[in-house]
Amino acid sequence: MSYVGKSITRIDAEAKVKGEALYPGDFNLPNQAYMKILFANRPHAIVKRIDTARAKALPGVLAIFTAKDVPVNEYGLIMPDQPVLCGPGSSKPYADRVRFIGDQVALVIAENEEIAAQARDLIEVEYEDLPVLTDVHQAMESTENLLHPDRGSNVFCHYRIRKGDTEAAFSQADVIVEGEYHTPVQEHAYLQPEAGIGYIDEEGRVTIVVAGQWTHEDRKQIAHALNLPEEQVRVIYPAIGGAFGGREDMSIQIVLALATWRLSQQGINRPVKIIWSREESIIGHHKRHPYHIYARWGATKEGKVIAAEVKLIADGGAYAYTSTKVLGNATLMCTGPYEIPNVKVDSYAVYTNSIPNGAFRGFGGPQGAFAAEMQMNKLAERLGMDPVELRLRNVLREGSLLSVGTPLPKGVSIAQVVENCAKRAGWKQTSNGWEFDREKHPSLKLQKSNLRRGIGFACSFKNVGFSFGAPEQCQATIELRGKGEIEEAVLYHAGAEVGQGVHTVLIQMAAEALGVPIEKVRLIASDTATSGDSGSVSASRMTFMAGNAIRGAAKLALERWRNEERPAVGHYQYRPPRTTPYDPETGKSEPNFAYGYVAEAVELEVDIETGQIRLLNVICADDVGQAVNPQLVQGQIEGAVVQAAGYAILENFVQQNGEVLTRGLSTYLIPTVLDIPDRVESLILEYPDPIGPFGARGMGEMPYLPLVPAVASALHDATGVWFNEFPLTPERVLFGLTKSEE
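Please read these numbers as outputs of a predicted model, since none were measured by experiment. (Residues numbered from 1 in each chain as written. Predicted model: local features only at pLDDT ≥ 70, side-chain atom pairs only at ≥ 80, totals over all residues. Heavy atoms only, no water.)

**Some words on the overall build of the protein**
Turning to step 1, where the next piece is worked out: In terms of helices and strands, the protein carries 17 helices and 29 strands.
Turning to step 2, where the next piece is worked out: The C-alpha atoms of the protein give 26 Å as radius of gyration, which agrees with the globular expectation for 742 residues (27 Å, within 12%).
Turning to step 3, where the next piece is worked out: In terms of principal-axis extent, the alpha carbons of the protein reach across some 80 × 75 × 50 Å.
Turning to step 4, where the next piece is worked out: Within the protein, the fraction of its 742 residues that count as buried is 64%.
Turning to step 5, where the next piece is worked out: When contacts within the protein are restricted to residue pairs at least 6 apart in sequence, those whose partners lie at least 24 apart make up 79%. (Helix = DSSP H or I, 4+ residues; strand = E, 2+ residues; numbered from the N terminus. Rg over C-alpha atoms; globule rule 2.2 N^0.38 Å. Buried < 20%, exposed > 50% of the residue type's maximum accessible area, 1.4 Å probe, protein only. Contact = heavy atoms within 4.5 Å.)

Dropping the structure here:
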């Protein structure tokens, strides 16, 4: 029986529905202690003195740790530019300063949560405030106010793309469109705030049970900060209540391990537990990058885009996190899935005293896609050409050269994806090209004087897997047990189940590769003590990477089974084709080994008297190569569309002079059931990826990418007004409409 392509029930569904699945905050161990963190709660200052005497004297306090207790006081996924704890006493230069309100200053471990919180509030900290820098343009220009004085500049990354001759091309363009775009901060707002428990396991390993996206990277960063061999650290992920990139960087992992380890050194061998409040979560973990994007595109009257110049400035916040990699994606995607012969791009990541910004579903793609698709829709308007027709005259095809001067990997399907989405949304291919006839769509006609309806279109593409030369691999181990026939197949894999259903898909692919009933496959997952490194659950990579690793492990295990090894064990490390970094002068590179392709059409209704937008219908066409579990694919599409809808019209994260004004879900509004689109149609397309497992491509991020520009295009169709920034809250829409009338 074939299991790939079947919508089998999620293996964790029953436990989660019944409330039996344990999340990190649900774990309790005998004689556990509790930890609280003292956050800086100021955006920029030098920590002159920390007095813990009153806090330590409080009955029930077990220990207080500060910067001096961290062996190697640094961490960072891309570069180690952040102290574990900020304050005097560590050897890392400038670790005595805080750079955003969520910097961590001290840890309190006590008999219970109440005592820990009371003691935390008794710690006295003397600060010397420093100038606060939150504007990226000022930060770029400043030479005196440096967040990291040892770096010499607040600009910590700059990429360049130089393809062809843009100046000459602009002189030949019949139409030139310029735009300045601003994308906002977004909070991940996962249901489960940061939580976990730490203990010393039976083999003496510092063990933490937490929620994350890459067990082995968490282990590596913990071991580095504690100056321990990686084998002395163990990381376990249980059920995880959402991630979306927000758990890629450290939050509680290192400090929880530090507290557990230091306590044991003091002869106090007790588990340590911590659960963040929603407010602590909001100020304590990174956000989606806000971008300033300046674009100038030129096209001929025949509808060929011949030149694009783009400047991107990303607010990295206080530390680098994954900004350099996010910027890499935005740099590639800011010219869209189009073959443009002449391209000039300059992109920058800049330190400010805002909350650090990092990974979030789409990873730079949504910001780049917003600018690219807005430019395409504006060009279509200026040329008097249908926006779908214009796209199909320019989209990348087999052999097309990217902006970085190299062709895409085989399996390019963006043209087919655009066509399928357009057909489903009501476009027709005529002798004059693709056209949309509003007269044949009564849903767009409305008689009420205050309501207008419109339709918009956008498309995009994005990498599957790590990019630009980042080391990429995934490991899987399969153990076959039994005598005459296979009685059980045990799959060991470290991939994180963050709600997307990957553990179910892993079992499906293992059963398919082994040719055994799925009931015989058992998964042992997300524990560094039992599995090899899977890489991160990010970059839409896990199905692609794990599937190839599982197929390799299955082949080896079956060979050994046939050779009568009992048990028969196959371990396989999959490595995809290599990628290369941007050339520092030209940007030329082979950026990715695989891509996903997506197109969306959006119908909306806007009240021109209040500015309120209602999303009526979203059609999302997504090439997934092979839907391993179609129902899970549909869930990913619908979830991405809802999350992107919040980004587009609702979520307004407010920071002012380094302070966060939206510290709870009462002021930072995410979509409820009353805010989501009336209808989401998932158009699942399957054009196999030549190197994907069973033909599958990654797709978790793709449906997110074009939603905002499709909404903005539909709003323009309804009102005649372009909106170059969002969220499209009623206030912003009403102001824009009023300003346009004036």
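**So, the domain arrangement of the protein**
Turning to step 1, where the next piece is worked out: According to the domain assignment, the protein contains domain 1 (31-130) and domain 2 (287-466 + 584-741).
Turning to step 2, where the next piece is worked out: A C-alpha centroid distance of 41 Å is found between domain 1 and domain 2.
Turning to step 3, where the next piece is worked out: Counting from both sides, the interface comprises 17 residues of domain 1 and, opposite them, 18 residues of domain 2.
Turning to step 4, where the next piece is worked out: At the boundary of domain 1 with domain 2, total buried surface from both sides reaches about 1,300 Å², with 59% on carbon and sulfur atoms.
Turning to step 5, where the next piece is worked out: When the area that domain 1 buries against domain 2 is broken down by residue, the three leading residues are Ile78, Phe100 and Ile101, summing to 40%.
Turning to step 6, where the next piece is worked out: Our count for the domain 1 to domain 2 interface comes out at zero salt bridges.
Turning to step 7, where the next piece is worked out: Where domain 1 meets domain 2, there are nine residue pairs in polar contact (both at pLDDT 80 or more).
Turning to step 8, where the next piece is worked out: Split by residue class, the side of domain 1 that touches domain 2 holds nine nonpolar, three polar and five charged. (Domains from an automatic or database assignment. Buried area = accessible area lost by both parts, 1.4 Å probe. Salt bridge = Lys/Arg side-chain N within 4 Å of Asp/Glu carboxyl O. Polar contact = N/O pair within 3.5 Å; in protein donor to acceptor, adjacent residues only side chain to side chain. Nonpolar A, V, L, I, M, F, W, Y, C, P; charged D, E, K, R; others polar.)

**Brief notes about the layout of surface pockets**
Turning to step 1, where the next piece is worked out: The space that makes up the second largest pocket amounts to roughly 540 Å³.
Turning to step 2, where the next piece is worked out: Residue lining of the second largest pocket: 25 residues in total, with Val185, Pro290, His292, Asp315 and Gln655 positioned closest to the centre.
Turning to step 3, where the next piece is worked out: The set of elements that each furnish at least two residues to the lining of the second largest pocket consists of strand 8 (175-183), strand 14 (291-299) and strand 27 (655-656).
Turning to step 4, where the next piece is worked out: When grouped by side-chain class, the residues that make up the lining of the second largest pocket number nine nonpolar, eleven polar and five charged. (1 Å grid on protein atoms, 1.4 Å probe; cavity = no way out; pocket = protein on both sides within 12 Å on 5 of 7 lines; lining within 4 Å. Points joined across faces, edges and corners; volume = space filled by probe spheres on them.)

**Considering the pairing of strand 14**
Turning to step 1, where the next piece is worked out: Here nine bridges tie strand 8 to strand 14, and the two strands are oriented antiparallel to one another. From the neighbouring strand, Glu180 faces strand 14, where its bridge partner is Tyr294.
Turning to step 2, where the next piece is worked out: Where strand 14 lies against strand 15 (residues 305-317), nine bridges are found, and the strand directions are antiparallel. Counterpart to Arg296 in the pairing with strand 15 is Glu309.
Turning to step 3, where the next piece is worked out: Taking the residues that link successive antiparallel strands as the turn, the strand 14-strand 15 hairpin has five residues, and the phi of Gly303 there is positive, at about 90°. (Pairing = 2+ DSSP bridges.)

**Quick look at the packing of helix 10 (residues 365-383) against helix 16 (residues 707-719)**
Turning to step 1, where the next piece is worked out: It is at 8 Å that the axes of helix 10 and helix 16 come closest, and there the two elements cross at 30°. The orientation of helix 10 with respect to helix 16, classified from their angle, is roughly parallel. Here helix 10 and helix 16 pass one another in a crossing that is right-handed. From helix 10, Ala369, Phe370, Glu373, Met374, Asn377 and Glu381 reach across to helix 16, where they touch Val708, Pro709, Ala712, Ser713 and His716.
Turning to step 2, where the next piece is worked out: Broken down by class, the residue content of the contact of helix 10 with helix 16 amounts to six nonpolar, three polar and two charged. (Axes fitted to C-alpha atoms, helices over the stretch in contact; angles between N-to-C directions. Parallel < 35°, antiparallel > 145°, perpendicular 65-115°, else oblique. Left-handed = near helix turned anticlockwise from the far one by under 90°.)

**Things to note about the sheet that holds strand 9 (residues 195-200)**
Turning to step 1, where the next piece is worked out: The seven strands lie next to each other as 3-5-1-12-9-10-11, forming an open sheet whose pairing is mixed. Because the sheet does not close on itself, it has two edges, and the strands there are strand 3 (61-65) and strand 11 (233-236). Sheet twist, expressed as the mean angle between neighbouring strand axes with direction ignored, is 20°.
Turning to step 2, where the next piece is worked out: Inspection of the sheet shows strand 9 paired to strand 12 (residues 272-275) by four bridges, in the antiparallel sense. Looking at strand 12, one finds that Ala195 is bridged to Ile275.
Turning to step 3, where the next piece is worked out: Across the sheet, helix 3 (residues 113-122) is in contact with strand 1 (33-39), strand 3, strand 5 (104-110) and strand 12; its angle to strand 1 comes to roughly 25°.

**Some words on the side chain of Ser323**
Turning to step 1, where the next piece is worked out: Within the element layout of this structure, Ser323 appears in helix 9 (residues 323-333).
Turning to step 2, where the next piece is worked out: Side-chain polar atoms of Ser323 contact the side chain of His289, separated by 2.6 Å.
Turning to step 3, where the next piece is worked out: With residues near it in sequence (within four places) discarded, Ser323 still touches Phe156, His289, Gly316, Ala349 and Asn357.

**Section: the packing of aromatic side chains**
Turning to step 1, where the next piece is worked out: Summed over the entire model, instances satisfying the criterion amount to 16 aromatic pairs.
Turning to step 2, where the next piece is worked out: Plain terms: the ring middles of Phe370 and Phe726 are 4.8 Å apart, the flat faces sit at 70° to each other, and that makes the pair edge-to-face. Of the two residues, Phe370 is situated in helix 10 and Phe726 in the loop between helix 16 and helix 17 (730-741); the sequence distance between them amounts to 356 residues.
Turning to step 3, where the next piece is worked out: A ring pair is formed by Phe544 and Phe593, whose centres lie 5.5 Å apart and whose planes are at 45°; its orientation type is tilted. Of the two residues, Phe544 sits in helix 14 (residues 542-562) while Phe593 sits in the loop between strand 24 (568-574) and strand 25 (595-607), which places them 49 residues apart along the sequence. (Phe/Tyr/Trp six-rings, centres within 6.5 Å; stacked < 30°, edge-to-face > 60°.)

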